[in-house]
Amino acid sequence: MLIAAFNAPSRFKPLVRQTISPDVLNFWMNKINPLWSIDQALAKIIGRHATAQDSTTLILKLNSHVHLPQAGQHLAVRAQINGIWVERSYSPSLLPDRPRHLAITVKQVTDGKLSQWLTQQAKIGDVLQLGQPFGEFHLPKNQQPIVLLAAGSGITPMISLLREWQQRSDMRPVQLRYWVSHREQACFVEELLCLQQLQPNFSFQLYLTQDQPIHPHERQGRIAGEQFADLDHLDQTQVLACGSADFIRTAQASLPSVSEWQIEAFSAPVQAIGANSQQVSITLQRQQKTLSVPVGQSILAALEAAGIAHPSGCRMGLCNTCACPKLSGTTEHLIHRDQRHDADVALRVCVSTAKTDLLLDL
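In what follows, the accompanying structure is described. (Residues numbered from 1 in each chain as written. Predicted model: local features only at pLDDT ≥ 70, side-chain atom pairs only at ≥ 80, totals over all residues. Heavy atoms only, no water.)

1. A word on the overall build of the chain
For the chain, the helix and strand inventory stands at eight helices and 21 strands. Split into buried and exposed, the 362 residues of the chain put 49% on the buried side. Taking contacts inside the chain between residues at least 6 apart in sequence as the whole, the part at least 24 apart equals 61%. Carbon and sulfur atoms make up 51% of the accessible area of the chain, which totals about 17900 Å². (Helix = DSSP H or I, 4+ residues; strand = E, 2+ residues; numbered from the N terminus. Buried < 20%, exposed > 50% of the residue type's maximum accessible area, 1.4 Å probe, protein only. Contact = heavy atoms within 4.5 Å. Areas by Shrake-Rupley, 256 points an atom, 1.4 Å probe, with all protein chains shown as cover.)

Structure representation (structure tokens):
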């Protein structure tokens with residue numbers, strides 16, 4: 001019966017769901033094959049290896065409910081840790097020689113429950129729940145030169161984009177500049193150096209902020225304007241940057257003549273909020289609650305600090321999981337710094353702060 005339900009034609013699946021609870025079907029299907037499900041997007045870990053000192057790459061086998069992402073997109077990854085479901089977003093890499101497989105590279109974060117579990121405890125055979133792909137980070141369609149700027153784990157979407165660029169036999173010049181604290185933390189260095197040897201239109205520089213350079217591809221220092229003095233025609237160059245919000249801001253300030261940007265911050269900027277910070281009110285219309293919060297704090301953090309469980313996913317303004325309607329008030333995007341004074345049907349509360357009193361449809 002379970003096999004018949006799993007293999008039922010799509011036109012009969014609504015009838016199957018009415019007859020048998022999807023939770024019951026999923027439970028017993030998972031007992032037969034951990035990737036079988038009537039509706040869940042699942043992936044099994046079938047391989048793992050160290051990518052850098054504090055990063056691990058996991059090879060995932062996907063079931064039929066997972067939509068393959070485009071290069072540069074993200075997936076939500078969920079795992080049950082000590083009985084609690086924990087979710088984080090990662091940028092996967094396609095494996096062209098292995099259909100229905102993906103790789104995710106996870107950087108171990110000190111206070112990251114999921115990253116700690118994935119890098120330290122997850123084993124071959126474990127099954128993860130996946131969301132569907134999201135994000136608009138992609139190779140530009142025109143033929144202008146491309147500069148990629150990555151800091152830390154911001155390298156993961158870049159490696160996916162570079163693999164796509166190589167597969168397309170794209171002739172555009174591409175430069176990658178990649179910042180880490182120590183060389184042992186840099187991922188994919190061998191692959192990038194090999195790509196540089198094979199592709200005359202590709203160049204790679206690794207910037208070390210706390211080590212001295214010893215290899216030809218290494219440089220020293222945090223991102224700064226003088227590091228781009230060799231770049232010409234920036235007004236005709238596409239720049240893609242991925243890193244912390246502070247890294248993104250410094251990159252944009254260092255390259256003021258660039259007109260075409262794609263940016264992706266994997267964390268909101270750290271806000272210095274003192275005891276005397278200005279306070280504003282956030283009214284939750286449906287819950288009939290009003291919170292007093294400091295200007296500069298993300299709305300999601302304010303909700304969580306008040307003990308209000310609000311859906312969230314990537315926590316970097318990409319997946320829309322946390323979006324809710326704003327009925328009135330002014331908000332500021334914590335990364336881009338643009339302000340919205342009008343109503344917003346999909347306010348991303350993870351990367352928004354209240355600048356005035358707000359009324360939310362929550």
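2. Looking at the pairing of strand β14 (residues 279–284)
Where burial is concerned, the two faces of β14 differ: the one with Val280, Ile282 and Leu284 is buried and the one with Gln279, Ser281 and Thr283 is not. Relative to strand β15 (residues 289–294), β14 is paired through six bridges, and the arrangement is antiparallel. By the bridge assignment, Gln279 is partnered in β15 with Pro294. In this structure, the hairpin formed by β14 and β15 is closed by a connection of four residues, where Gln288 is found at a positive phi of approximately 55 degrees. (Pairing = 2+ DSSP bridges.)

3. Topic: the environment of Lys326
Mapping Lys326 onto the fold places it in strand β16 (residues 324–328). Taking relative accessible area as the criterion, Lys326 reaches 1% and is therefore assigned buried. In the structure, Lys326 is positioned 19 residues away from Val345 in sequence and 6.1 Å away in space, judged by C-alpha atoms. Not counting the four nearest positions on each side in its chain, Lys326 is found in contact with Thr331, Arg340, His341, Asp342, Ala343, Asp344, Leu347, Leu358, Leu359 and Leu360.

4. Remarks on helix α6 (residues 189–198)
Side chains that are three or four residues apart share a direction in an α-helix, a result of its 3.6 residues per turn. The set of residues buried in α6 consists of Val189, Leu192 and Leu195. Taken down its axis, α6 places every buried residue within 125 degrees of arc, on the same side. Relative to its buried face, α6 has exposed residues pointing more than 90 degrees away, namely Glu190, Gln197 and Leu198. Where α6 is buried, its residues touch α5 (155–167), β9 (174–180) and β10 (202–208). (Arc of directions from axis to C-beta.)

5. Things to note about the pattern of salt bridges
Using the criterion set out here, one finds 13 salt bridges in the structure. Taking the shortest distance from any N to any O, the salt bridge between Asp230 and Arg177 comes out at 2.9 Å. Of the two residues, Asp230 sits in the loop between β11 (218–220) and β12 (238–243) while Arg177 sits in strand β9, which places them 53 residues apart along the sequence. Taking relative accessible area as the criterion, Asp230 reaches 46% and is therefore assigned partly exposed. Looking at Arg177, the relative accessible area reads 1%, which means it is buried. Between Arg337 and Glu332 there is a salt bridge; the shortest N-O distance is 2.8 Å. Overall, Glu332 belongs to the buried group, its relative accessible area being 10%. Several salt bridges share partner residues, and in doing so they unite Arg183, Asp211 and Glu218 into one network. (Salt bridge = Lys/Arg side-chain N within 4 Å of Asp/Glu carboxyl O.)

6. Focus on helix α7 (residues 245–254)
Residues of α7 that are buried include every one of Ala245, Phe247, Ile248, Ala251 and Ser254, and no others. The inward-facing, buried residues of α7 contact β8 (146–151), β9, β12 and β13 (260–265).

7. Re the nonpolar core
Formed by 40 residues in total, the largest nonpolar core has its most connected members in Leu149, Trp179, Ile282, Ile299 and Leu360. Sorting the residues of this core by element identifies β8, β12, α7, β14, β15, α8 (299–305) and β21 (358–360) as the ones contributing at least two each. Those residues within four positions of Leu360 in sequence are excluded, and the remaining contacts are Ile282, Thr283, Leu284, Gln285, Ile299, Cys324, Pro325, Lys326 and Leu347. One finds Leu139, Trp165, Cys187 and Leu195 within the second-largest nonpolar core, a separate group that totals 29 residues. (Core = buried A, V, L, I, M, F, W, Y, C linked by side-chain atoms within 4.5 Å.)

8. Observations concerning the side chain of Gln129
With respect to the helices and strands, the residue Gln129 is situated in strand β7 (residues 127–130). At 2.4 Å, the side chain of Gln129 and the side chain of Arg78 are in polar contact. Once residues lying within four places of it in the same chain are set aside, the contact partners of Gln129 are Gln40, Ala41, Leu42, Ala76, Val77, Arg78 and Trp85. (Polar contact = N/O pair within 3.5 Å; in protein donor to acceptor, adjacent residues only side chain to side chain.)

9. Considering the packing of aromatic side chains
This model, assessed by the stated rule, comprises four aromatic pairs. An angle of 50 degrees between the planes, with centres 6.1 Å apart, marks the rings of Trp165 and Phe202 as tilted. A residue pair is termed long-range when its members are at least 10 positions apart, and Trp165 in helix α5 and Phe202 in strand β10 qualify at 37 residues. These aromatic residues form a ring-pair network of at least three members: Trp179, Tyr207, Phe228 and Phe247. (Phe/Tyr/Trp six-rings, centres within 6.5 Å; stacked < 30°, edge-to-face > 60°.)

10. Topic: the environment of Val109
Looking at where Val109 falls in the secondary structure, it is placed in the loop between β6 (101–107) and α4 (113–120). C-alpha of Val109 to C-alpha of Ser55: the two residues are 54 residues apart in sequence and 9.4 Å apart in space. When near neighbours in sequence (up to four residues on either side) are disregarded, Val109 contacts Ser115 and Gln116.

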